[in-house]
Amino acid sequence: MKNSHTQITLSNGLKVFLKEIHTAPIISSWLWYRVGSRDEVQGRTGISHWVEHMQFKGTPQFPANILDKSISREGGSWNAFTYMDWTAYFETMPADKIDIALRLESDRMVNSQFDANEVASERTVIISEREGSENEPMFLLGEAIQQSAFRIHPYHHEVIGDMVDLHTMTRDDLYSHYRTFYVPNNAVMALAGDFDTQTMLARIKELFEPIPGGTEPARLAREEPMQKGEVRLSVEGPGATSYVQVCYRFPFASHPDFFSLSVLDSLLAGPSNLNMFSGGISNKTSRLYRALVDKELAVSAHGGAQATIDPFLYSITMTVHPKRKPEEALAALDKEIQRVKAEKVSKEEITRAIKQARALFAYGSENITNQGFWMGYAEMFANYEWFQTYLDKLAAVTVKDIQRVANEYFVPQRRVVGTYIPLGN
Amino acid sequence: MTNFKLDSSRSLPGPEDIHREVLSNGITVLTRSNFNSPSVVVSGYFSAGSLFDPDEKLGLADFVTSALMRGTEKRSFDKIYNELESVGAGLGFSSGVHKSGFNGRSLAEDLPLLLTLLSESLIQPAFPKAEVEKLRAQLLTGLAIRVQDTSDMASLLFDEILFKGHPYSRPEDGYPETVQKIRREDLVRFHRDHFGPRGMAIAIVGAVKAEEAVRQVKRALGGWQVKDQKEVHELPEVKLLKKTVSKAHRIAGKSQSDLVIGTNGPRRRDAEFMSATLGNNILGQFGMMGRIGDVVRERSGLAYYAYSSLSAGLGPGSWEVSAGVNPQNVKKATDLIVDELKRFVQEGVTTDELADSKANFIGRLPLSLESNGGVASALLNIERHNLGLDYYRRYADLVSAATGEDVLNTARKFIDPTRLAMAVAGP
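Please read all numbers here as calculations on a predicted model, not as lab measurements.

Novice: So, helix α11 (residues 326-342) of chain A: which residues are in play, and what are the values?
Specialist: Residues and elements named next belong to chain A. A rise of 1.5 Å per residue sets the reference length of α11, with its 17 residues, at 24 Å; its end C-alpha atoms lie 24 Å apart and thus fit the reference within 8%. For α11, the full list of buried residues reads Pro326, Ala329, Leu330, Leu333, Glu336 and Ile337. Down the axis of α11, the sector holding all buried residues measures 120°, keeping them to one side. In α11, the exposed residues that point more than 90 degrees away from the buried face are Glu327, Ala331, Lys335 and Ala342. Buried positions along α11 lie against β8 (243-250), α10 (287-293), β9 (298-304), β10 (312-320) and β11 (415-422).

So, in structure tokens, the structure goes:
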């Protein structure tokens, strides 16, 4: 985990991370922009994600049909992700072919065209993407909870955006968003793999340093006021299965309590896996599985912690047992929450959570793409040191910390409880 | 850039770094060491798939494999998972049509534990009554969710049309009414009749030396003997469709329809496999989902996903195009897809397209083999389809040898645009 890496900021403000790993002839290149759905105002929700789609539509040097072929032809794997706090692009390539990815990224940082016809065709693609999500009960429920949890803070809408905005946003809206946020001083580049650091750095400078830095974009951050009472909501839709999602307020990732809460998450619901390219482990001996699934109140129970810049939510999702009612599952969950607040957890449970985290990190390090991912990802909500010291910080968590954070964060007056009510097939 | 340090062909698995050994009870062990990360993967398959399921108890093999870790003669369900999860390890079983399989991983120091739990689950499952009932409720909930999933239901309907009258038409996880009929005794009997070391393979990849890995497998599974392990009956021929058959399945209240359009495909071992898979890449994979993605997504803006896939296993496979579209656009998307299939069998592929896809196949191979899990599936692929330990070293030559004519002949052999299976699920 503490393999050495090089970190440098170019004259135009682009932050660069390089980590040599010579285990396979592969390089993974990541470019992260500090822009996401939290930078969107009403009327333009979903714009960051749509801009990400438009980044695959070509520049004069790499027209759309040339662009995807040039990566694929070389056997590369590439994709992009938009989240609340960030947008990321990656290419993992055979080591001797990485140059095409670097040229492509430096080009589309400034030269994407946003052709009106391409915007029109992508509008219906994104609407179709949203319609696909709307087929899923958990998307509908999650969206309702998020909107209810955040009235002021821009974490209130889904990354894909509201349907009405997807119908009305214009090409100029998109282009202006692109030009505002896609500047080198608002980006982090991270490469991991089979290269020589000095040679790679020289090439990155050659390609990226000519791009002038821009005005540092201001980010939306309207603080969500304290919630004053539990919110309960329901969403109705087709199907035969009920779901309950309970969301508590969670601190931002660089808050000291984040680590105690991560241990608490691990023993309550099984460890949340923060790797993007490596799966998690089962949670069948977590407290919630034992209390809810073993006792046949739910058929599954999962926890979800996310690393964010501003305080977000910790979610517990239960698929209700077909013979039980949502309120029965919720009552059993509340009993477990009460228990962790009232009684100290054992030292063994903490040790176990740390070993689980250590194993998940080891699985993640098998993969060069995942190693490239971490350097930039950690920078988006904290810094790379956050990742490097993660296990040490978990190891420092005490029994007392767990009880304190359980009482401080699992507050019924500051939670949202959502139920999906199935109306039948 | 000239920073290429490793000889890429030598980094691929080959005869010098794959260790293969057949134990006296018939289990094939494959190992490859990788000390770059302190973790290890254990994967494998065994001959107990859903082909053995009686129609009225469809989902039996799936039920059995899901129940293996619900308690053994030595440990309870909770004890099994407590040991695994306490060390951050994972192990799971899944059923297939011909074979069922397992996947596990742990830190290298916990490999003995992983193999012990694998062995107990495979050889001595107890199927505790209470656990069987808990599992049944979970399986039934899974099926209730499946009924609401437009993509799952379109796939199910597609298999019913394409493989009508053949065991491949049946879903491995069964139907609610067949899962309801399965008794605990059925699980015990299925395990007794169909589980055994013959036909089983296990791959261990990660931070462990070959001889140590083999020694550990011998300790855990070397003593397993089953006298009357049943063979799979010969399968009937797959009957080809005489004309295009379209069916729709209605799921009220959904925003998007899923469609699957396709036909039969080759077996993995068939000579046409390589040209079919290259052709498929051009048809619906390469770049942004190939020609299908270009027409349906990029040019018409009809779908977020539209791609083709080839499913080639031990028996005859399928070749299908899938897309998720607005319910009003089902016909439009279907017409575009069928037109592309016509063009594909009439004109074949261009020299440039073929060269691009060949380069893509050869270039992406090291990426698919970078994790222990990727290497383990590659080793099992070699074993299951008898590809030879040097398969991944020969791979580039095999890809390069395919010609445009091969791709066209293969496309024409399998795809007839007037005899397609078409399935739609949506509102």
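Novice: Could you give an account of the interface of chain A and chain B, with specific residues and numbers?
Specialist: Each partner contributes to the interface: chain A provides 63 residues, whereas chain B provides 62 residues. A per-element tally of the side of chain A that touches chain B places helix α4 (residues 116-134) of chain A first, with ten residues. Counted by class, the side of chain A that touches chain B contains 18 nonpolar, 24 polar and 21 charged residues.

Novice: Can you tell me about the sheet that holds strand β7 (residues 245-250) of chain B, naming the residues and giving the values?
Specialist: All names here are of chain B. Ordered by their spatial adjacency, five strands build an open sheet running β7-β11-β8-β10-β9, and the pairing between neighbours is mixed. Each edge of the sheet is formed by a strand with only one pairing partner; in this case those strands are β7 and β9 (303-311). Between one strand axis and the next, the sheet turns by 15° as a mean value, whatever way the strands run. One ladder, built from five bridges, connects strand β8 (residues 257-265) with strand β11 (residues 421-426); its direction is antiparallel. Note that in β11 the partner of Asp258 across the bridge is Ala425. Its contacts with the sheet place helix α11 (residues 286-299) against β9 and β10 (317-325), and it is angled at close to 155° to β9.

Novice: Summarise the domain arrangement of chain A; cite the residues concerned and give the values.
Specialist: All names here are of chain A. Domain annotation for chain A reports domain 1 (6-208) and domain 2 (231-422). Computed from C-alpha coordinates alone, the two centres of domain 1 and domain 2 are separated by 28 Å. Of all elements in the fold, only β2 (15-20), β3 (26-33), β5 (87-94), α5 (137-149) and β6 (187-193) reach the threshold of two or more residues within the side of domain 1 that touches domain 2. Of all the elements, α5 adds the most residues to the side of domain 1 that touches domain 2, at nine residues.

Novice: Talk me through the nonpolar core; I want residue IDs and the actual numbers.
Specialist: One finds A:Met189, A:Leu292, A:Met318 and B:Ala423 to be the most contacted residues of the largest nonpolar core, which totals 239 residues. With nine residues, helix α12 (residues 347-364) of chain A is the single largest residue contributor to this core. Excluding residues within four positions of it along the chain, A:Met189 makes contact with A:Leu14, A:Val16, A:Trp30, A:Leu31 and A:Ile204.

Novice: For the environment of A:Ile211, give the residues involved together with the corresponding values.
Specialist: All names here are of chain A. The residue Ile211 is located in the loop between α8 (197-208) and β7 (231-237) in this model. Looking at Ile211, the number of C-beta atoms within 10 Å reads 21, which means it is buried. Separated by 199 residues in sequence, Ile211 and Asn12 place their C-alpha atoms 7.2 Å apart. When residues no more than four places from it in sequence are discounted, the contact partners of Ile211 are Asn12, Ser106, Met109, Val110 and Pro184.

Novice: Which residues make up the packing of helix α2 (residues 60-67) of chain B against helix α5 (residues 129-146) of chain B, and what values do they have?
Specialist: Residues and elements named next belong to chain B. Look at α2 against α5: their axes get within 11 Å of each other, and the N-to-C directions meet at 125°. The angle between α2 and α5 falls in the class oblique. The handedness of the crossing between α2 and α5 comes out as right-handed. On α5, the residues touching Phe63, Ser66 and Ala67 of α2 are Val132, Leu135 and Leu139. Among the residues making up the contact of α2 with α5, the classes are represented as five nonpolar, one polar and no charged.

Novice: For the domain arrangement of chain B, give the residues involved together with the corresponding values.
Specialist: Often, the extent of an interface is quoted as the loss of accessible area on bringing the components together. Residues and elements named next belong to chain B. We note that the domain assignment places domain 1 (17-221) and domain 2 (245-426) within chain B. The centre of domain 1, based on its C-alpha atoms, is set 28 Å off from the matching centre of domain 2. Listed by partner, the interface residues are 28 residues for domain 1 and 33 residues for domain 2. Broken down by secondary-structure element, the contributors of at least two residues to the side of domain 1 that touches domain 2 are β2 (28-33), β3 (39-46), α6 (150-162) and β6 (201-206). Residue contributions to the side of domain 1 that touches domain 2 peak at nine residues, all from α6. Partitioning the side of domain 1 that touches domain 2 into residue classes produces 15 nonpolar, eleven polar and two charged.

How each quantity is defined
Residues numbered from 1 in each chain as written. Chains lettered and ligands numbered in written order. Predicted model: local features only at pLDDT ≥ 70, side-chain atom pairs only at ≥ 80, totals over all residues. Helix = DSSP H or I, 4+ residues; strand = E, 2+ residues; numbered from the N terminus. Expected span 1.5 Å × (residues − 1). Buried ≥ 20, exposed ≤ 12 C-beta atoms within 10 Å, placed from the backbone. Arc of directions from axis to C-beta. Contact = placed C-beta atoms within 7 Å. Nonpolar A, V, L, I, M, F, W, Y, C, P; charged D, E, K, R; others polar. Pairing = 2+ DSSP bridges. Axes fitted to C-alpha atoms, helices over the stretch in contact; angles between N-to-C directions. Domains from an automatic or database assignment. Core = buried A, V, L, I, M, F, W, Y, C linked by C-beta atoms within 7 Å. Parallel < 35°, antiparallel > 145°, perpendicular 65-115°, else oblique. Left-handed = near helix turned anticlockwise from the far one by under 90°.

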